[in-house]
There are 2 protein chains.
Amino acid sequence: MVPLLANLAIALLHYPVYNKHREVITTALTNLDVHDIARSAKTYGLDRFYIVTPSIEQRGLAQRITRHWQEGWGAAYNPDRKKALDIIRVCDDLDSAIDDFQNGFDNTVKTVITGATEWPGSIAVADLKQLLEKPDNPFLLLFGTGWGLTKECFESADHILKPITGAGSYNHLSVRSAAAIMLDRLRGL
Amino acid sequence: MVPLLANLAIALLHYPVYNKHREVITTALTNLDVHDIARSAKTYGLDRFYIVTPSIEQRGLAQRITRHWQEGWGAAYNPDRKKALDIIRVCDDLDSAIDDFQNGFDNTVKTVITGATEWPGSIAVADLKQLLEKPDNPFLLLFGTGWGLTKECFESADHILKPITGAGSYNHLSVRSAAAIMLDRLRGL
């Protein structure tokens with residue numbers, strides 16, 4: 001079952017994202033993004049979760065959080081957490097994440113971007129689910145932090161996924177919740 | 001559409017739950033549980049999210065977090081967050097949460113408990129989804145913190161929901177992710 005699932009990976013981008021004034025910023029790492037998304041990704045059989053930030057200090061922080069649960073005290077205290085954090089790779093930009101994920105696949109990695117708003121030409125979750133059925137076609141699912149990935153990110157991604165909608169006009173999921181729901185829709189049941 | 005959705009509510013219990021040594025404890029409040037579950041609940045059209053803890057200090061903390069985003073600086077900074085946190089009610093025990101939710105319904109509130117392990121007599125998400133189609137039947141979905149709700153909680157709940165399973169044997173979602181996925185399965189699409 002593993003080779004079939006390994007063609008999906010997640011990248012969490014801390015740049016280039018908007019703040020609430022639509023200025024392009026680098027966000028700070030959120031500890032629970034690291035834990036929650038790693039645990040969800042591992043639960044749905046993914047082998048890779050890329051944490052992407054251009055800040056060398058923030059990459060160092062991501063490595064320290066990860067290592068705390070992989071080595072020494074944290075690993076012994078909670079081995080399940082270790083298994084989840086083992087799939088994390090920390091990268092300085094999206095291209096490095098794509099390059100890493102490309103290893104082991106002959107076909108080119110395609111990026112799939114998601115966000116809270118609808119874009120023209122978006123594909124449905126069912127479409128991506130179908131694309132993922134070919135295990136030799138790798139897809140990297142991009143999530144943004146802050147107020148979302150920039151327009152340029154959406155324009156340059158290979159696919160845009162329709163946003164998760166709930167029961168009405170309110171649609172403000174955390175990135176941790178959105179990633180969990182998207183993985184369940186793509187890999188659950 | 002709102003009356004149809006209002007018959008589902010969530011309660012997050014901080015007692016009685018196990019720690020990793022299967023001792024019954026009261027867990028401390030996690031700030032992002034409050035935010036993430038409120039945002040997911042609001043997105044899926046719920047009117048109530050109960051935060052339940054017997055600790056008066058912890059209830060005070062829950063109130064302070066909520067009020068920060070409902071009044072003054074937080075409310076002006078992020079009105080969407082205010083809308084989500086408005087559905088929170090802080091209670092000292094499960095009975096108080098049930099009593100509050102019972103208001104407005106003639107039919108008795110039924111509790112539905114969820115966790116990471118399978119119990120005999122569990123019902124599927126599809127079964128609960130069907131039960132929820134009658135808008136006058138209220139259901140309160142219980143989530144535990146720590147290492148999960150006690151055996152007695154599972155034995156005394158009206159329904160036990162089958163656990164969310166992923167791709168293999170690893171199944172360690174955060175309560176924030178589990179709540180998001182369960183709401184999507186019950187109310188999404």
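Structure first, text after, so check above.
Right, let's walk through the structure included here. Small disclaimer: the values here were computed from a predicted structure and weren't measured.

**Here's the deal with the relation of the copies chain B and chain A**
- Rotating chain B by 180° and moving it 0.0 Å along the rotation axis overlays it on chain A with an RMSD of 0.0 Å. The operation mapping one copy onto its partner corresponds to a two-fold rotation axis.

**Observations concerning a negative patch on the surface**
Residue and element names in this part refer to chain A.
- Taken together, the side chains of D92, D93, D95 and D99 make up a negatively charged region of the molecular surface.
- Relative to the helices and strands, D92 resides in the loop between β5 (88-91) and α6 (94-102).
- Judged by its relative accessible area of 38%, D92 falls in the partly exposed class.

**Considering the packing of aromatic side chains**
Residue and element names in this part refer to chain A.
- Considering all chains together, one arrives at ten aromatic pairs over all chains under this definition.
- Centroid distance W119 to F154: 4.7 Å. Interplanar angle 5°. Geometry classified as stacked. Pair noted here: W119 is in the loop between β6 (110-113) and α7 (125-131) and F154 is in helix α8 (residues 151-156), with a separation of 35 residues, a long-range link.
- Taking relative accessible area as the criterion, F154 reaches 5% and is therefore assigned buried.
- Cluster of aromatic residues (ring-pair linked, three or more members): Y50, F101 and F105.
- The ring of W69 carries R81 above its face, with NZ or CZ at 5.5 Å from the centroid.

**Observations regarding the side chain of T145 of chain B**
Residues and elements named next belong to chain B.
- Along the chain, T145 turns up in the loop between β7 (139-144) and α8 (151-156).
- Owing to a relative accessible area of 7%, T145 belongs among the buried residues under this scheme.
- Beyond its immediate sequence surroundings of up to four residues, T145 is in contact with L12, L13, H14, V17, T27 and D33.

**Some remarks on α6 of chain A**
All names here are of chain A.
- Within the span of α6, buried status applies to A97, I98 and F101. Across the axial projection of α6, the buried residues extend over an arc of 100°, all falling on one side. Along α6, exposed side chains directed more than 90 degrees from the buried face belong to D95 and D99.
- Looking at the buried positions of α6, the neighbouring elements they touch are β1 (8-13), β4 (49-52), β5, β6 and β7 (139-144).
- Taken from the residues just after α6, G104 is the one with a positive phi, measuring 95°.

**Some remarks on the nonpolar core**
- Ranked by size, the top nonpolar core spans 80 residues in total, and within it L141 of chain A together with L141 of chain B carry the most contacts.
- Apart from residues no more than four positions distant in its own chain, L141 of chain A is found in contact with L8, A9, I10, A11, V112, T114, L128, L161, M182 and L186 of chain A.

**Some words on the sheet that holds β1 of chain A**
All names here are of chain A.
- If you trace the six strands from one edge of the open sheet to the other, you get β5-β4-β1-β7-β6-β8, paired in parallel fashion. Each edge of the open sheet is held by one strand with a lone partner, namely β5 and β8 (159-160).
- Where β1 and β4 come together, four bridges link them in parallel fashion. Its bridge partner being in β4, L12 is matched across the sheet by I51.
- Across the sheet, helix α2 (residues 31-43) is in contact with β1, β4 and β5; its angle to β4 comes to roughly 160°.

**Regarding the interface of chain B and chain A**
- Facing 38 residues of chain B, the contacting portion of chain A comprises 38 residues.
- Here chain B meets chain A over a buried area of about 3100 Å², counting both sides, of which 54% is carbon and sulfur.
- Per-residue buried area on chain B facing chain A is highest for T43, A167 and Y170 of chain B; these three make up 22% of the total on that side.
- Linking chain B with chain A are four salt bridges, by the criterion used here.
- The salt bridge partner of R185 of chain A is D184 of chain B, with a shortest N-O separation of 2.6 Å.
- Summed over the shared surface of chain B and chain A, the result is 22 residue pairs in polar contact (both at pLDDT 80 or more).

What counts, and at which threshold
Residues numbered from 1 in each chain as written. Chains lettered and ligands numbered in written order. Predicted model: local features only at pLDDT ≥ 70, side-chain atom pairs only at ≥ 80, totals over all residues. Heavy atoms only, no water. Least-squares fit on C-alpha atoms with pLDDT ≥ 70 in both. Patch = residues over 30% accessible without salt bridge, like charges linked within 9 Å, V, L, I, M, F, W, Y side chains within 5 Å. Areas by Shrake-Rupley, 256 points an atom, 1.4 Å probe, with all protein chains shown as cover. Salt bridge = Lys/Arg side-chain N within 4 Å of Asp/Glu carboxyl O. Lys, Arg positive; Asp, Glu negative; His and termini not counted. Charge placed at Lys NZ, Arg CZ, Asp CG, Glu CD. Helix = DSSP H or I, 4+ residues; strand = E, 2+ residues; numbered from the N terminus. Buried < 20%, exposed > 50% of the residue type's maximum accessible area, 1.4 Å probe, protein only. Phe/Tyr/Trp six-rings, centres within 6.5 Å; stacked < 30°, edge-to-face > 60°. Lys NZ or Arg CZ within 6 Å of the ring centre and 35° of its normal. Contact = heavy atoms within 4.5 Å. Arc of directions from axis to C-beta. Core = buried A, V, L, I, M, F, W, Y, C linked by side-chain atoms within 4.5 Å. Pairing = 2+ DSSP bridges. Axes fitted to C-alpha atoms, helices over the stretch in contact; angles between N-to-C directions. Buried area = accessible area lost by both parts, 1.4 Å probe. Polar contact = N/O pair within 3.5 Å; in protein donor to acceptor, adjacent residues only side chain to side chain.

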